[in-house]
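Coordinate analysis (summary)
The primary structure of each chain is shown beneath.
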Amino acid sequence: MTFSLAIGPRVRKSPFFDATVAAGVTHFSIYNHMYMPVSYGDAEAEYWRLIRGVCLWDVACERQVEIVGPDAAALAQYLSPRDLSRCEPGQGKYVPLCDHTGRLINDPILLKLSQDRFWFSIADSDVLLWARAIAAERGYDVEVREPDASPLAVQGPKAEAVIRDLFGDWPRTLKYFWFRETELDGIPLVLARSGWSKQGGFELYLLDGTRGTQLWNLVWEAGRPYDIGPGTPNYIERVESGLLSYGGDTDADTNPFEVNLGKYLDLDIEADFIGKAALREIARSGPKRRQVGLFLDGARMAPNKHPWEVTLKGQSVGKLTVVTYSLKLERNIAIALIESGVCEPGHELEVQTMDGPRRAQVTGLPFRCRV
Ligand code: THG
């Protein structure tokens, strides 16, 4: 296979695009109509830098959908099956978004900037269109728009030291997903404790898209003593940690209970929200499929390019969505969406890989990988 993606104006560039090219990015994906760096060419080095050091990720493609105006809180709640009534300004929350049938349509982090201004920091689907249409149809007095806000993630156990050297001691007191508006050398930012890894870290939301290279370089210089390097949302670590990839681990019919997000729903609140009746019904009857971990026997496996069928005695029972060789567990691990009847740990299944069938055992998520 020899092809490459064309770079053109229809797909948008991140404010950090030039900096990532200078840092040696080798592969992009497309995410929220933007180029998203996914590799600098050495997956193992990038993994260990995340586990043991600190790395810098261009995640500007996690776009913000801003809701502002007198009805902003009401609309944010109507869009969210999670209780927002006690959410404070400066607080973030992980909020699965569902449609009226309970299907998962995104899994953003909600940031409450003030009583009448919210950001949904979204995964890869068009929440702007959804939120704008709901607002108009229901007559909410709000504006829904995409602000000039582009996250740059600093991830890994040494991220805290880099952020301390740049901002002082206060970021250390931020609780998970909480944030504060600040600046760095006059560059306006939101600084949050967050990021799509379980290795700890922060995200700097750049609020002036003309200053991406300047911000990247400032963090890079501060990170030098800690051997900072470039990275991307990490394929291996996220499978080990069981972090959901919306669109990667989900299909058009996935509901939040199937992918272990039920704990983020508050179905008994008084406020109405989209999908309330459908989600209550799924909660009552139980999801038909479950997301689980799998251990796969045999030689080290390369990442899959498409979902693979999971079978039991020749019958399909679901699909494997992502597989990787775990550098901590030193065996092949995968995430799969399978029928609830075979989801208990210990079940023996088969996976139909590109190179033929492999034996697999069901296990829980996240994988246990302390080192
Ligand atoms: N950064 C920003 N926005 C984003 C993402 C990001 N929006 C979309 C996508 N990524 C959101 N996905 C997740 C999923 C899980 C977590 C973070 C982003 C996460 N979960 C913790 C866990 O599972 O342990 C804690 C969740 C909790 O209990 O509240 O961190 O990367 N800006």
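Throughout, residues of each chain are indexed from 1 in the direction in which the sequence is written. At least 70 in pLDDT is required for a residue's local features to be given in this predicted model, at least 80 for side-chain atom pairs to be given and counted, and no such filter applies to totals for whole chains, interfaces and linings, which use all residues. Excluded from the side-chain calculation are hydrogens and water; included are all heavy atoms of the structure.

For the rest of this paragraph, the subject is the sheet that holds strand 20 (residues 348-353). The rule for pairing is simple: two strands pair if DSSP sees at least two bridges between them. Here a strand is any run of E in DSSP of at least two residues, a helix any run of H or I of at least four, and the numbering for each starts at the N terminus. Here we have six strands rolled up into a closed barrel, ordered 16-19-18-17-20-21, and antiparallel in their pairing. Across the sheet, the mean angle separating the axes of adjacent strands is 40 degrees when strand polarity is ignored. As paired elements, strand 17 (residues 308-312) and strand 20 share three bridges and run antiparallel to each other. Looking across to strand 20, one finds that Glu 309 is bridged to Gln 352. The convention used is that axes are lines fitted to C-alpha atoms, helices contributing only their stretch in contact, and that angles between N-to-C directions extend from 0 to 180 degrees.

We now examine the sheet that holds strand 13 (residues 187-192). Spatially, 12-13-14-11-3-15 is the arrangement adopted by the six strands of the open sheet, whose pairing is mixed. Whereas interior strands pair on both sides, the edge strands pair on one side only; in this sheet they are strand 12 (179-184) and strand 15 (229-231). Sheet twist, expressed as the average angle between the axes of neighbouring strands with direction ignored, equals 30 degrees. Across three bridges, strand 3 (residues 55-58) lies against strand 15 in parallel orientation.

Turning to the environment of Asp 272, a few remarks are in order. In this fold, Asp 272 is placed in the loop between helix 7 (235-241) and helix 8 (276-285). For the exposure calls, accessible area comes from a 1.4 Å probe over protein chains only, and a residue counts as buried if that area is under 20% of its type's maximum, exposed if over 50%, partly exposed in between. A relative accessible area of 45% places Asp 272 in the partly exposed class. In this structure the C-alpha to C-alpha distance between Asp 272 and Pro 81, which are 191 residues apart in sequence, comes to 8.7 Å. Residues count as neighbours in contact if any of their non-hydrogen atoms are within 4.5 Å of one another. The contacts of Asp 272, once residues within four sequence positions are left out, are Gln 77 and Tyr 78.

Looking now at the nonpolar core. With 84 residues, the main nonpolar core has Leu 75, Phe 120, Leu 204, Leu 215 and Val 219 as its most contacted residues. For this analysis, a nonpolar core means a set of buried residues of the types Ala, Val, Leu, Ile, Met, Phe, Trp, Tyr and Cys, connected via side-chain atoms within 4.5 Å. In terms of nonpolar packing, the next biggest core, distinct from the first, is built from 18 residues, Val 292, Leu 294, Val 351 and Ala 360 among them.

Along the chain, Gln 64 falls in strand 4 (residues 64-68). Pairing of N or O atoms within 3.5 Å defines a polar contact, subject to two protein rules: one partner must be a possible hydrogen donor and the other a possible acceptor, and residues neighboring in sequence count only if both atoms are side-chain atoms. A distance of 3.3 Å separates polar atoms of two side chains, one belonging to Gln 64 and the other to Ser 121.

Looking at the ligand, there are 16 residues lining it, with Ser 121, Tyr 176, Lys 198, Glu 203 and Tyr 205 nearest. Between the ligand and Ser 121, the relevant distance is 2.6 Å, taken from a nitrogen atom to a side-chain nitrogen or oxygen of the residue. Within the side chain of Tyr 264, an N or O atom sits 3.0 Å from an oxygen atom of the ligand. All residues other than Ala, Val, Leu, Ile, Met, Phe, Trp, Tyr, Cys, Pro, Asp, Glu, Lys and Arg, Gly among them, are scored as polar; the first ten of these are nonpolar and the last four charged. Taken together, the residues that form the shell around the ligand break down as 10 nonpolar, two polar and four charged. Near, as used in this document, describes a residue that has one of its heavy atoms within 4 Å of the molecule or strand being considered.

Of note, Glu 44 is situated in helix 2 (residues 43-52). Considered as a pair, Glu 44 and Ile 236 are 192 residues apart in the sequence and their alpha carbons are 8.9 Å apart. Residues in contact with Glu 44, not counting those within four places in the same chain, are Arg 300 and Leu 327.

Take the packing of aromatic side chains next. Whether two aromatic rings pair depends on their centres lying within 6.5 Å, for rings of Phe, Tyr and Trp, where Trp uses its six-membered ring; planes under 30 degrees apart make the pair stacked, over 60 edge-to-face, and the rest tilted. For the structure on display, the rule yields 11 aromatic pairs. Plain terms: the ring middles of Phe 28 and Tyr 35 are 6.0 Å apart, the flat faces sit at 70 degrees to each other, and that makes the pair edge-to-face. With relative accessibility at 3%, the residue Tyr 35 sits in the buried group. With centroids separated by 6.3 Å and ring planes inclined at 45 degrees, the aromatic side chains of Tyr 78 and Tyr 140 adopt a geometry described as tilted. Note that Tyr 78 is positioned in helix 3 (residues 72-79) and Tyr 140 in the loop between helix 4 (127-138) and strand 10 (143-145), a separation of 62 residues in sequence. Tyr 140 carries the same exposure label as Tyr 78, and that label is buried. A connected cluster of aromatic rings, assembled from ring pairs, spans Phe 17, Phe 28 and Tyr 35. Above the ring of Tyr 78, the side-chain terminus of Arg 138 is found at 3.8 Å from the ring centroid. Geometrically, a charge over a ring is one whose NZ (Lys) or CZ (Arg) sits within 6 Å of the ring centre while staying within 35 degrees of the ring normal.

Further remarks concern the pattern of salt bridges. For salt bridges, the criterion is a side-chain nitrogen of Lys or Arg within 4 Å of an Asp or Glu carboxyl oxygen. Scanning the entire structure with this criterion turns up 19 salt bridges. With a closest N to O distance of 3.7 Å, Arg 117 and Glu 181 form a salt bridge. Remark: Glu 181 occurs in strand 12 and Arg 117 occurs in strand 9 (residues 117-121); sequence separation between them is 64 residues. Taking relative accessible area as the criterion, Arg 117 reaches 23% and is therefore assigned partly exposed. Arg 193 is paired through a salt bridge with Glu 160; the nearest N and O atoms lie 3.2 Å apart. Of the two residues, Arg 193 sits in the loop between strand 13 and strand 14 (201-206) while Glu 160 sits in helix 5 (residues 159-167), which places them 33 residues apart along the sequence. In this structure Arg 193 comes out as buried when scored by relative accessible area, which is 14%. Look at Glu 160 and you get partly exposed, because its relative accessible area is 33%.

The next thing to look at is the packing of helix 3 against helix 4. Direction vectors running N to C along helix 3 and helix 4 enclose 115 degrees, while the axes themselves pass 11 Å from each other. When you trace helix 3 past helix 4, the crossing you get is right-handed. Of helix 4, the residues touching helix 3 (which contributes Leu 75, Tyr 78 and Leu 79) are Trp 130, Ala 131, Ile 134, Ala 135 and Arg 138. Class assignment of the residues belonging to the contact of helix 3 with helix 4 gives a composition of seven nonpolar, no polar and one charged. Should the near helix be turned anticlockwise from the far one by less than a right angle, the crossing is termed left-handed; should it be turned clockwise, right-handed.

With that settled, consider helix 8. If you check which residues of helix 8 are buried, you get Lys 276, Ala 278, Leu 279 and Ile 282. Mapping the buried residues of helix 8 onto a view down its axis gives an arc of 165 degrees, with all of them on the same face. Turned more than 90 degrees away from the buried face of helix 8, the exposed residues are Ala 277 and Arg 284. Turning to helix 8, the residues buried within the fold contact strand 6 (97-98). The directions from the helix axis to the C-beta atoms are what the arc is built from.

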